Structures are given as structure tokens and as C-alpha cells.
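# Chain and residue survey
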Amino acid sequence: MGKIVVVTSGKGGVGKTTTAASFAAALALRGHKTVAVDFDVGLRNLDLLMGCERRVVYDLVNVIYGESTLKQALIRDKRIENLYMLAASQTRDKDSLTVEGVEEVLSMLVKDFDYIVCDSPAGIEKGAQLAMYFADEAVVVTNPEISSVQDSDRMIGLLDSKTKKAAEQGGSVKVNMLITRYDPKRVTKGEMLSIEDIQDILAIPLIGVVPESPSVLHASNAGTPVVFFEKSEAGQAYMDMVSRFLGEDKPMRFIQQEKGLLGRLFGGVS
């Protein structure tokens, strides 16, 4: 049986969909049959980031209402054999999603995939609640700014109380934190929260830190998950994140301010 992982955040613009695309792609690169499912009905963009927007014929809502089969709606990635995606509808509203319909689709996916990565809409509306409801694990994406962290704290509370595991089974969803757009220089200047600040507030395990990087925008514009940009710090950080998710011991990279020439020569900090 496959594992359902929701990628969520309290607010938009923190890199949640970028994370979902790279997370799914990296799992597939590691040999796991993976599908990314877009729950952002009406505002889908996961297909854009994965470079398959022109291949969307049927979507999640079509499958829920029997307007297509799951096989018809799944889009296979052209670069990785075991990576697929299921798009959200652009023409329906979020009320088109139902608990019963989402459960039926996910129950089919867990039979055929190792990992189902659910790209949740930001916030706490219906699409976000359904994206997390059936999750086994969660990745909460946050930026190092207080408003983003506070919103993430709210999402952690919902994951602890509003999922099927919590409501019906007396259990809990395993929750990890991913910090994106991290800039050590700005942290040093006091313009951004430090990793320690964020951990003190959210008090959940840290699975990765993705540095601020122009490669993220380049990858988005190219319709390519940033993990394919193997030489970029952001791409490497996402691959490290997946290694930790799979239980490997990986030290955090890209979290210290780089030293200038004099610092490298004499051990000082520039």
C-alpha cells in the first residue's frame, strides 16, 4: 500500500507547489513510483511546474464524478518512467471536491503507487482540508518570516486534529517542516528568522532547508522541477530533503553564511 503525503502551508507564495513537484520528482528519481495530485481546484499550477500543462485532458474532478477513469486522467512524466501527476480542474470550484470522492480516488492510487504527494491549496478552506484529511504524513512549508510561521503553526494544529487519523483512529499524522527561501546573510542582519527561531515556534522535526535561489524561478519558467537542476543549491537541498524523508542521515547544507576570500584564508567571517 502506498503512503499519502500532503505538502501544505498556511499562506500562499511560500514555495509549496514548487516543493510538491520537486518532492515527487525526487522520490521517483530514487526509484519509487510516485504520483503528484493537485488539489488546488480552480487555480491549478502543478501541471505548469511539472511541464505537462498541454497534456491535461481529464482531471481530479472528472475522476470523482465518473467523467473519466483514473487511468485516463493520470499523466505520465516524459523524463522519469515512474513519475505521474493528476491535475486539478480549472473550470470547477472547490465545492466540487467531496470526502467520498477524494477517498475513492486515493484508495485507488495507494494500490498502484509507492507515494501519493498531495499538493494542497494554501490556507484552511475545503480543498486544503481534503488534501490533508487522508494523509499519512505531512510536509509543512514555511518561509523564515513571522507571518508565514504563525500560519504554519495553525496548519499544524489542523493536522493534529482534523485528519482521518486523528478523528477516527486516535492517531496522528507525522508532520515535518521544510523551510524555503532561506538566506543566511539576511538572518545575520536580523532581517529574517533563524532556523532556531522557527523550530522554537513550530516544535516539529526539520526535514530540510531550501536556500533562496534564482534556479527556482528558472525551473518554474521552464516547467521543470528544480531537482533536475542538479548543480543548483535549491535542487540539491530538495534531494537532501527526500533522503531524510526516506530515513537517511544527511547533514543540513546551505544554512551558513558563505565566507569571503579573507574568511576562507584566515578562518574569519566576512
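The structure contained in this document is the topic of the report that follows. Just so we're clear, the structure is a prediction, and the values are computed from it rather than from any experiment.

## A few points about the overall build of the chain
Of regular secondary structure, the chain possesses 13 helices and 8 strands. For 270 residues, the compact-globule formula gives about 18 Å, and the C-alpha radius of gyration of the chain, at 19 Å, lands near that figure. Projected onto its principal axes, the C-alpha coordinates of the chain cover approximately 65 × 40 × 30 Å. Out of the 270 residues belonging to the chain, those deemed buried represent 53%. Look at the contacts in the chain between residues 6 or more apart in sequence, and 74% of them connect residues 24 or more apart. A total accessible area of about 12400 Å² is found for the chain, and carbon and sulfur atoms account for 48% of it.

## A few points about the sheet that holds strand E2 (residues 34–38)
Read from one edge to the other, the open sheet built from 8 strands follows the order E3-E4-E2-E5-E1-E6-E7-E8, with strand pairing classed as mixed. In this open sheet, the two edge strands, each paired with only one partner strand, are strand E3 (75–76) and strand E8 (206–211). Alignment of strand E6 (residues 137–142) against strand E7 (residues 174–182), held across 6 bridges, turns out to be parallel. Residue Glu 137 lies in a different strand from E7, and its bridge partner there is Lys 174. Along the sheet, helix H1 (residues 16–29) makes contact with strand E1 (3–8), E2, strand E4 (83–86), strand E5 (115–119), E6 and E7, crossing E5 at roughly 170°.

## Things to note about empty space enclosed by the protein
If you roll a probe as big as a water molecule over the atoms, it shows you where there is empty space left. For the structure shown, the criterion picks out 2 cavities of 30 Å³ or more. A volume near 50 Å³ is recorded for the largest cavity. Forming the walls of the largest cavity are Thr 18, Ala 21, Ser 22, Leu 49, Val 216, Ala 219, Ser 220, Thr 224, Pro 225 and Val 226. Listing elements by their share of the lining of the largest cavity, those giving two or more residues are H1 and helix H11 (214–222). For the lining of the largest cavity, the per-class residue count stands at 6 nonpolar, 4 polar and no charged. Considered as a void within the structure, the second largest cavity measures approximately 30 Å³ in volume. Surrounding the second largest cavity, Met 50, Cys 52, Ile 75, Arg 76, Asp 77, Arg 79, Tyr 84 and Met 85 form its lining. At the level of secondary structure, the elements contributing two or more residues to the lining of the second largest cavity comprise E3 and E4. For the lining of the second largest cavity, the per-class residue count stands at 5 nonpolar, no polar and 3 charged.

## Some details on unusual backbone geometry
Most of the time, phi is negative for any residue but glycine, and the peptide bond is trans. Backbone geometry places Arg 181, a non-glycine residue, at a positive phi of 60°. Looking at the element boundaries, Arg 181 is found in strand E7. Using a relative accessible area of 40% as the deciding quantity, one classes Arg 181 as partly exposed. Although it is not a glycine, Ala 203 adopts a positive phi angle of roughly 55°. Structurally, Ala 203 is set in the loop between helix H10 (195–202) and E8.

## Observations regarding the layout of surface pockets
Roughly 480 Å³ of volume is contained in the largest pocket. The wall of the largest pocket is formed by 24 residues, among which Gly 13, Val 14, Gly 15, Lys 16 and Thr 18 lie closest to the centre. When residues of the lining of the largest pocket are traced back to their parent elements, those giving at least two are H1, E7, E8 and H11. Considered class by class, the residues forming the lining of the largest pocket number 9 nonpolar, 10 polar and 5 charged. Every residue lining the second largest pocket is counted, 15 residues in all, and those nearest its centre are Ile 4, Val 110, Phe 134, Asp 136 and Lys 164. Counting only elements with at least two residues in the lining of the second largest pocket, the list comes to helix H5 (99–112) and helix H8 (164–168). With 5 residues, H5 is the largest single contributor of residues to the lining of the second largest pocket. A breakdown of the residues in the lining of the second largest pocket according to their chemical character gives 7 nonpolar, 3 polar and 5 charged.

Conventions we followed
- Residues numbered from 1 in each chain as written.
- Predicted model: local features only at pLDDT ≥ 70, side-chain atom pairs only at ≥ 80, totals over all residues.
- Heavy atoms only, no water.
- Helix = DSSP H or I, 4+ residues; strand = E, 2+ residues; numbered from the N terminus.
- Rg over C-alpha atoms; globule rule 2.2 N^0.38 Å.
- Buried < 20%, exposed > 50% of the residue type's maximum accessible area, 1.4 Å probe, protein only.
- Contact = heavy atoms within 4.5 Å.
- Areas by Shrake-Rupley, 256 points an atom, 1.4 Å probe, with all protein chains shown as cover.
- Pairing = 2+ DSSP bridges.
- Axes fitted to C-alpha atoms, helices over the stretch in contact; angles between N-to-C directions.
- 1 Å grid on protein atoms, 1.4 Å probe; cavity = no way out; pocket = protein on both sides within 12 Å on 5 of 7 lines; lining within 4 Å.
- Points joined across faces, edges and corners; volume = space filled by probe spheres on them.
- Nonpolar A, V, L, I, M, F, W, Y, C, P; charged D, E, K, R; others polar.

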